[in-house]
Amino acid sequence: MLPTFRWTTFDLNNWLPPGWQQDVAAAAEAADVRAFPRTPVISRESQEVQEIARGRVHADQVSHHLPWLVKAYRNELLELASEVSSEPVRAAEDDRYGVVLNVQRGAGMRFECHVDSNPLTGLLFCTDHAAGGELVIANDHEARGVAEVDRNCSVIRPHAGHLIFFDARQYPHYARVLTAESETRIVAVMNFYTKSCPESTRPRELNKHLYGDN
Ligand SMILES: [Fe+2]
């Protein structure tokens, strides 16, 4: 099968504010770390997996600890997102899922295998890893669970300061476990929307599951 998934990388190392990595690491201390139940609608875990241990710094905490990141999301990073999209791009209006941090500590956590509901995702990698912690994206739209994703995939190794953009609405993806107990993986996840797939299309079940919306 010819792979069709693609992504665009921007190296922001010379643009990000001095001390940004330490800032992010400090914010990650506040992560909500636990076993999260599989997410409705967008999960692509295999049937037997009901929960996945990971950490999340919620959007309100990101606003509090990393105001420069939220400002960048709504301005300069939105500009870059617009460069890679063929149609107008908007940041999320709902502050609960604009920018969050995903955090993995040690060798027992990974990020859930899922598809995205938003048409454009930006990931700012905040840590480097020689091995482990890769973002793995299936070329097969029907892949379920990490074993099926791994069978035919693109693998992106995190590089601190690299911002990548992609559309993974059709491509199941997950983040691999780290190889050492001493390591922490942090990535800032940004949701963007487009004219043809606006924020109003976000599944209501997702907000109900994540935030208790009715
Ligand atoms: Fe995703």
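### Some points on the overall build of the protein chain
Right, on to step 1. Of regular secondary structure, the protein chain possesses 6 helices and 12 strands.
Right, on to step 2. Taking 17 Å as the expected radius of gyration for a compact globule of 214 residues, we find that the protein chain reaches 16 Å, a close match to that expectation.
Right, on to step 3. Counting only C-alpha atoms, the protein chain reaches 45 × 40 × 40 Å along its principal axes.
Right, on to step 4. If you take every contact in the protein chain between residues at least 6 apart in sequence, the share linking residues at least 24 apart comes to 82%.

### Structural notes on the sheet that holds strand E11 (residues 173-175)
Right, on to step 1. If you trace the 4 strands from one edge of the open sheet to the other, you get E6-E11-E8-E9, paired in antiparallel fashion. Strands at the two margins of the open sheet, each flanked by one partner only, are strand E6 (111-114) and strand E9 (153-156). Taking the axes of each pair of neighbouring strands and ignoring which way they run, one obtains an average angle of 15° across the sheet.
Right, on to step 2. Bridge analysis of E6 against E11 gives 2 bridges, and the strand direction is antiparallel. For His-114, the partnering residue across the bridge sits in E11 and is His-173.

### As for the environment of Gln-21
Right, on to step 1. Mapped onto the fold, Gln-21 is located in helix H1 (residues 20-28).
Right, on to step 2. Overall, Gln-21 belongs to the partly exposed group, its relative accessible area being 33%.
Right, on to step 3. Here Gln-21 is in contact with Cys-126, Thr-127 and Ala-160, once residues within four sequence places are set aside.
Right, on to step 4. Polar contacts involving the side chain of Gln-21 include one to the main-chain carbonyl oxygen of Cys-126, which spans 3.0 Å.

### Let's talk about the coordination of the iron ion
Right, on to step 1. For the iron ion, every protein donor is listed as His-114 (NE2), Asp-116 (OD) and His-173 (NE2), and the spread of their distances is 2.0 to 2.1 Å.
Right, on to step 2. All donors of the iron ion belong to a single chain; written as a sequence motif, their spacing is H-x1-D-x56-H. One end of the pair, His-114, is in strand E6; the other, His-173, is in strand E11, with 59 residues separating them in the sequence.

### Re unusual backbone geometry
Phi is mostly negative for residues that are not glycine, and the peptide bonds are mostly trans.
Right, on to step 1. Positive phi, close to 70°, is recorded for Val-41, a residue that is not glycine.
Right, on to step 2. If you trace the backbone, Val-41 turns up in the loop between strand E2 (32-37) and strand E3 (51-57).

### Focus: the packing of helix H3 (residues 67-74) against helix H4 (residues 76-84)
Right, on to step 1. Running from amino to carboxyl end, H3 crosses H4 at an angle of 35°, the nearest separation of the two axes being 3 Å. Listed contacts from H4 to Lys-71, Ala-72, Tyr-73 and Arg-74 of H3 are Glu-76, Leu-77 and Leu-78.
Right, on to step 2. Its residues assigned to classes, the contact of H3 with H4 comprises 4 nonpolar, no polar and 3 charged.

### Observations regarding the nonpolar core
Right, on to step 1. Judged by nonpolar contacts, the single largest core of 37 residues is most densely connected at Leu-101, Leu-124, Leu-163, Met-190 and Phe-192.
Right, on to step 2. Of all the secondary-structure elements, those providing two or more residues to this core are H1, H3, H4, strand E4 (89-91), strand E5 (99-105), strand E7 (120-125), strand E10 (162-166) and strand E12 (184-194).
Right, on to step 3. Take this core: its biggest share by element is 5 residues, from E12.
Right, on to step 4. When neighbours within four sequence positions are excluded, Met-190 is seen to be in contact with Tyr-73, Leu-77, Gly-98, Val-99, Asn-118, Leu-120, Thr-121, Gly-122, Leu-124 and Leu-163.
Right, on to step 5. Ranked by size, the runner-up nonpolar core spans 14 residues in total, among them Val-100, Leu-123, Leu-135 and Phe-166.

### Comments concerning H3
Right, on to step 1. Within the sequence span of H3, burial applies to Leu-69, Val-70, Ala-72 and Tyr-73. Each buried residue of H3 lies within a common arc of 160° when the element is viewed along its axis, so the set occupies one face.

### Side note on the environment of Val-155
Right, on to step 1. Structurally, the position occupied by Val-155 is in strand E9.
Right, on to step 2. For Val-155, a relative accessible area of 40% translates into the label partly exposed.
Right, on to step 3. Distance from Val-155 to Val-136, taken between C-alpha atoms, is 4.6 Å for residues 19 residues apart in sequence.

Calculation rules
- Residues numbered from 1 in each chain as written.
- Predicted model: local features only at pLDDT ≥ 70, side-chain atom pairs only at ≥ 80, totals over all residues.
- Heavy atoms only, no water.
- Helix = DSSP H or I, 4+ residues; strand = E, 2+ residues; numbered from the N terminus.
- Rg over C-alpha atoms; globule rule 2.2 N^0.38 Å.
- Contact = heavy atoms within 4.5 Å.
- Pairing = 2+ DSSP bridges.
- Axes fitted to C-alpha atoms, helices over the stretch in contact; angles between N-to-C directions.
- Buried < 20%, exposed > 50% of the residue type's maximum accessible area, 1.4 Å probe, protein only.
- Polar contact = N/O pair within 3.5 Å; in protein donor to acceptor, adjacent residues only side chain to side chain.
- Donors = N, O, S within 2.8 Å, 3.2 Å for Na, K, Ca; no water.
- Nonpolar A, V, L, I, M, F, W, Y, C, P; charged D, E, K, R; others polar.
- Core = buried A, V, L, I, M, F, W, Y, C linked by side-chain atoms within 4.5 Å.
- Arc of directions from axis to C-beta.

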